[in-house]
Amino acid sequence: MILSLLEDEAASGIEETENFFVGMWDSIKEYFMNNYWGVIWFIVALVLGVIIIKLLMKLFRKIFSHTKIAMIAQQFILTIIRLVLWIILILIVLGILGVNLSGAVTALSAVILAIGLALEDCLANVADGLILVSSKIINKGDYISANDVEGTVVNINFLFTTLDRYDGRRISIPNSSMVSGNIINFGATGSRRIDFSVSVAYESDIELVKQIAYAVMYSDGRVYQDVEGKMPFCSINSFDSSGIGLALRCWVDQQDYWDVFYYVNEHLYNEFKRYGVTIPFTQIEMRERKDEVVMPVIPDPLPERVEKNRPQEAHRFDLENDSITEYMKKQKAKYEAKKEASEDNAAEGAEAVKNETAEAENEAKDETKDETKDETNDKAKDETKDKDEANDKAKDEANDDAAAEKESTSKKKSSKKKKSDASKIEPAKTSSVLGSEDDG
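Residues numbered from 1 in each chain as written. Predicted model: local features only at pLDDT ≥ 70, side-chain atom pairs only at ≥ 80, totals over all residues. Heavy atoms only, no water.

**Focus: the nonpolar core**
Then, number 1: By size, the foremost hydrophobic cluster in this structure holds 25 residues, and its most contacted members are Ile194, Val200, Leu248, Leu268 and Phe272.
Then, number 2: Mapped by element, the contributors of at least two residues to this core are β6 (191–200), α7 (206–218), β8 (244–253) and α8 (257–275).
Then, number 3: The element best represented in this core is α8, accounting for 7 residues.
Then, number 4: Setting aside its immediate chain neighbours within four residues, leucine 268 contacts Val198, Ile212, Ala213, Val216 and Leu248.
Then, number 5: Counting 12 residues, the second-largest nonpolar core is a separate cluster that includes Phe76, Leu132, Val133 and Met178. (Core = buried A, V, L, I, M, F, W, Y, C linked by side-chain atoms within 4.5 Å. Buried < 20%, exposed > 50% of the residue type's maximum accessible area, 1.4 Å probe, protein only. Helix = DSSP H or I, 4+ residues; strand = E, 2+ residues; numbered from the N terminus. Contact = heavy atoms within 4.5 Å.)

**A word on the pattern of salt bridges**
Then, number 1: Counted by the stated rule, this structure contains 8 salt bridges.
Then, number 2: In this structure, aspartate 195 and arginine 193 form a salt bridge, with 2.9 Å as the shortest nitrogen-oxygen distance.
Then, number 3: Residues aspartate 259 and arginine 222 are paired through a salt bridge, measuring 3.9 Å at the closest nitrogen-oxygen approach. One end of the pair, aspartate 259, is in helix α8; the other, arginine 222, is in the loop between α7 and β7 (233–239), with 37 residues separating them in the sequence. (Salt bridge = Lys/Arg side-chain N within 4 Å of Asp/Glu carboxyl O.)

**Overview of the sheet that holds strand β4 (residues 170–174)**
Then, number 1: Read across the open sheet, the 5 strands follow the order β4-β3-β2-β1-β5; overall the sheet is antiparallel. Single-partner strands in this sheet number two, and they are β4 and β5 (183–185). Between one strand axis and the next, the sheet turns through 40° on average, direction left out of account.
Then, number 2: With 4 bridges joining them, strand β1 (residues 143–146) and strand β2 (residues 149–156) adopt antiparallel strand pairing. Paired with isoleucine 144 across the two strands is glycine 151, which belongs to β2. (Pairing = 2+ DSSP bridges. Axes fitted to C-alpha atoms, helices over the stretch in contact; angles between N-to-C directions.)

**Description of α8**
Along an α-helix, residues three or four positions apart point the same way, because every turn accommodates 3.6 residues.
Then, number 1: Compared with an ideal rise of 1.5 Å per residue, which puts 19 residues at 27 Å, α8 spans 27 Å between its outermost C-alpha atoms and is within 8% of the ideal.
Then, number 2: All of the buried residues along α8 are Tyr257, Val260, Phe261, Tyr263, Val264, Leu268, Glu271 and Phe272. The arc that holds every buried residue of α8, seen down its axis, measures 165°, which confines them to one face. Residues Glu266, Lys273 and Arg274 are exposed on α8 and point more than 90 degrees away from its buried face.
Then, number 3: In the core, the buried residues of α8 are packed alongside β6, α7 and β8.
Then, number 4: Residue glycine 276 follows α8 closely and has a positive phi angle near 75°. (Expected span 1.5 Å × (residues − 1). Arc of directions from axis to C-beta.)

**Overview of the pairing of strand β3 (residues 160–164)**
Two faces belong to every sheet, and in a regular strand the side chains alternate between them.
Then, number 1: Bridging between β2 and β3 involves 4 bridges; their strand directions are antiparallel. Note on β3: the bridge partner recorded for threonine 152 is aspartate 164.
Then, number 2: Bridge count for β3 against β4 is 5 bridges, and the pairing is antiparallel. Note that in β4 the partner of leucine 163 across the bridge is isoleucine 171.

**With respect to the side chain of arginine 192**
Then, number 1: Tracing the sequence through the fold places arginine 192 in strand β6.
Then, number 2: Despite its burial, arginine 192 remains without a salt bridge, the nearest opposite charge being carried by glutamate 150 at 5.5 Å.
Then, number 3: Contacts of arginine 192, omitting those with residues within four sequence positions, involve Tyr143, Phe186, Cys250, Trp251, Val252, Gln254 and Tyr257. (Lys, Arg positive; Asp, Glu negative; His and termini not counted.)

**Describing the side chain of threonine 162**
Then, number 1: Structurally, the position occupied by threonine 162 is in strand β3.
Then, number 2: Discounting chain neighbours no more than four positions away, the residues touching threonine 162 are Thr152, Val153, Val154, Asn155, Arg170, Ile171 and Ser172.

**Concerning unusual backbone geometry**
Then, number 1: Of note, asparagine 147 is a non-glycine position whose phi angle comes to about 55°, a positive value.
Then, number 2: Here asparagine 147 shows up in the loop between β1 and β2.
Then, number 3: According to the relative accessible area criterion, asparagine 147 is partly exposed, its value standing at 39%.
Then, number 4: Residue aspartate 148 is not a glycine yet carries a positive backbone phi of 60°.

**Regarding the confidence of the model for the protein**
Then, number 1: The predicted model of the protein has a mean per-residue pLDDT of 78, with 82% of residues at 70 or higher.
Then, number 2: Ignoring residues within four places in sequence, the model shows residues 427–440, a span with pLDDT below 50, making 0 contacts including any to other chains. (pLDDT = per-residue confidence, 0-100.)

**Describing the packing of aromatic side chains**
Then, number 1: This structure, assessed with the given rule, holds 9 aromatic pairs.
Then, number 2: A ring pair is formed by tryptophan 258 and tyrosine 262, whose centres lie 6.1 Å apart and whose planes are at 25°; its orientation type is stacked. Taken together, the residues tryptophan 258 and tyrosine 262, both in helix α8 and 4 residues apart, mark about one turn of the helix.
Then, number 3: For tryptophan 258, a relative accessible area of 29% puts it in the partly exposed group.
Then, number 4: An aromatic cluster of three or more residues is present, and its members are Tyr166, Phe196, Tyr257, Trp258, Phe261 and Tyr262.
Then, number 5: Stacked on the ring of tyrosine 257, the Lys or Arg arginine 192 has its end atom at 3.8 Å from the ring centre.
Then, number 6: Note that lysine 230 overlies the ring of tryptophan 251, its terminal NZ or CZ placed 5.0 Å from the centroid. (Phe/Tyr/Trp six-rings, centres within 6.5 Å; stacked < 30°, edge-to-face > 60°. Lys NZ or Arg CZ within 6 Å of the ring centre and 35° of its normal.)

**Focus on α7**
Then, number 1: With 13 residues, α7 ought to run about 18 Å at 1.5 Å a step, and its terminal C-alpha atoms sit 18 Å apart, in line with that.
Then, number 2: Among the residues of α7, those classed as buried are Ile206, Val209, Ile212, Ala213, Val216 and Met217. Seen along its axis, α7 keeps its buried residues to an arc of 125°; they face one direction.
Then, number 3: For α7, the side-chain oxygen to backbone nitrogen distance between the N-cap and glutamate 207 is 3.3 Å, and the N-cap itself is aspartate 205. (Polar contact = N/O pair within 3.5 Å; in protein donor to acceptor, adjacent residues only side chain to side chain.)

This is how it looks when you write it as structure tokens:
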């Protein structure tokens, strides 16, 4: 039973397929029978269109060859022209076949829009390719560096810029990356500078080293020697830990860069060996430390942990899970609590201000009392000092009087004594005079 059903379904499917292809073939035969002149004109227009496109492309190539447009830009523009010509030819032949062009244009616009949305990055690359070609930042044959990749420009198409590296690898970079990043064009001027870094020992004769470097660079005929601003250069660049660093520079044509680079390195090393110039290696000097290292320690212990005051995250209202009434009640309670807290803070602040004013008044009173006490004490001290000075003055005067009286009494005594001595001397003189008279 099942097999018979499957056989019936297979037979019906085969019959439907045959009917479909037979109907399509009948439609094609009917179309060609009714529009055979249109088909003939379609074939003629297609053949003539292809021939005309080829002739026009040859004409455009010949015109561009006599202009100063870069080769990459010419190829880019010719590709766009070829695409436009083929679109025009397709629209013409469709019109000859009787296809409604308005519908075709609408469908083509829709297709272009869909392709544009799907290929947004590709269209960006196309626009950036137009920018690269029109701005003439790079040309075919230039040695550039873009997105950390170096190489010679081979081609710029709608989507990619192709570079050939010196190791034989070919790299394709999207045009959008080229425009959005930095581009270093080493061959923009046709010449390049080669930079060398050489290190020699500290005991080396620097003048001899410079003479060797100049001789090696001048020995290659590809190095510029008479061009102003592009002559070979050699000088001390740095003082490293193991030797003296020298910088060597010379200018060459763009295509001779790597050949001259390797030539100078090889012959410079050979000449250094010939004249006994030492290239130093990394050296490390080690010393044994015999003194005791004392590490300073802060005597204070670790501080106590103080918790950070983190503000609580505000609750957001959830329309699906939260109730509006409960949410409003919570907000009202928060508002009242905040209001009470602000009132308490205001009251505490007023009380604190009141206490501060009372303390200030008490301090002022205490200061006035202390000032009055100090003034009274100073006055009493001044009075006692005056009294002491008066007493001292009186004592000094009394002492002076006593000393004067004593001196006067001593003077009186001395005068009396002198008088008594004189009275004693006079009778002796008289007796001696009388005795002498008697002898005579």
